[in-house]
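Fold and geometry: a report
Spelled out from the first residue to the last, the chains are:
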Amino acid sequence: DTLRGEIPKIGRGLLDAARSAWGMDAVRTEPPATCGIAFKEWAGVRDALIQGRQIIVLRKGGILENPAGFQPEHSVFWIYPTHVHEAEQGLKPGERASVPHDAATVARIDTLALVESFRKIHDLDEVLALDDAHVWTEDTIRKRFEYRKPGLWLMVLRILKRREPYSVPIRPEDAGCKTWVPLER
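Criteria and thresholds
Residues numbered from 1 in each chain as written. Predicted model: local features only at pLDDT ≥ 70, side-chain atom pairs only at ≥ 80, totals over all residues. Heavy atoms only, no water. Helix = DSSP H or I, 4+ residues; strand = E, 2+ residues; numbered from the N terminus. Salt bridge = Lys/Arg side-chain N within 4 Å of Asp/Glu carboxyl O. Buried < 20%, exposed > 50% of the residue type's maximum accessible area, 1.4 Å probe, protein only. Phe/Tyr/Trp six-rings, centres within 6.5 Å; stacked < 30°, edge-to-face > 60°. Lys NZ or Arg CZ within 6 Å of the ring centre and 35° of its normal.

**Details of unusual backbone geometry**
A positive phi angle, near 55°, is found at R148, a position not held by glycine. With respect to the element layout, R148 can be found in the loop between helix 4 (138–146) and strand 5 (152–169).

Set out below in structure tokens:
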């Protein structure tokens, strides 16, 4: 199945400006013919990425991160929308995603992310200065930054959206606080 999508209204110019301002080298990933991996992220963040209100992902890494720490293992991945922790942790007011009636059993996957660039940020003030580029609350950012060892990974993403989503059954092995989910067809 060929992915069809479009870059949201933020456009290439904003991505280039963000990389320049944040001192990041471009990865310049091109869309693949197929992609079999998904990145778990809150559904409200997925919505903001699609609508161009967010262009970055800030990630700490999960309980099972490798000895080198979290790094994007994949330069292209689907966004696997989840509602786990979304309500009790935090998105800015008005950024809650609607929860489909079958959200407990099926993930609707329609958002492909291409990593434009990434780097580790060790300064909390630098992370807090990115407030206009994401929809998380300041409290959420502070908690993520301080968890275990201070710092966060910043990924600048280019987003493509499928016209029709894939419906992927949520398997027990995909539950919990893990970043990557292999997709089976």
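Next comes the rest of the description.
**Some points on the pattern of salt bridges**
By the definition in use, this model includes twelve salt bridges. Of the charged contacts, one joins R59 and E41 as a salt bridge, the two residues approaching to 3.3 Å between their closest N and O atoms. Of this pair, R59 sits in strand 2 (residues 56–59) while E41 sits in strand 1 (residues 37–42), and the two are 18 residues apart along the sequence. For E41, a relative accessible area of 2% puts it in the buried group. Measuring nitrogen to oxygen at the nearest pair gives 2.1 Å for the salt bridge that ties E126 to R119.

**What about the packing of aromatic side chains?**
A full pass over the atoms with the stated rule returns five aromatic pairs. Relative to W153, the ring of F118 has its centre 5.8 Å away and its plane inclined at 50°; by these criteria the two rings are tilted. With a gap of 35 residues between them, F118 in strand 4 (residues 106–121) and W153 in strand 5 connect regions that are remote in the sequence. Overall, the relative accessible area of 33% leaves F118 in the partly exposed class. Owing to a relative accessible area of 11%, W153 belongs among the buried residues under this scheme. An aromatic cluster of three or more residues is present, and its members are F39, F77 and W180. Over the ring of W42 we find R144; its NZ or CZ atom is 5.0 Å from the centre of that ring. Between R162 and the ring centre of Y166, over which it is positioned, the NZ or CZ distance is 4.2 Å.

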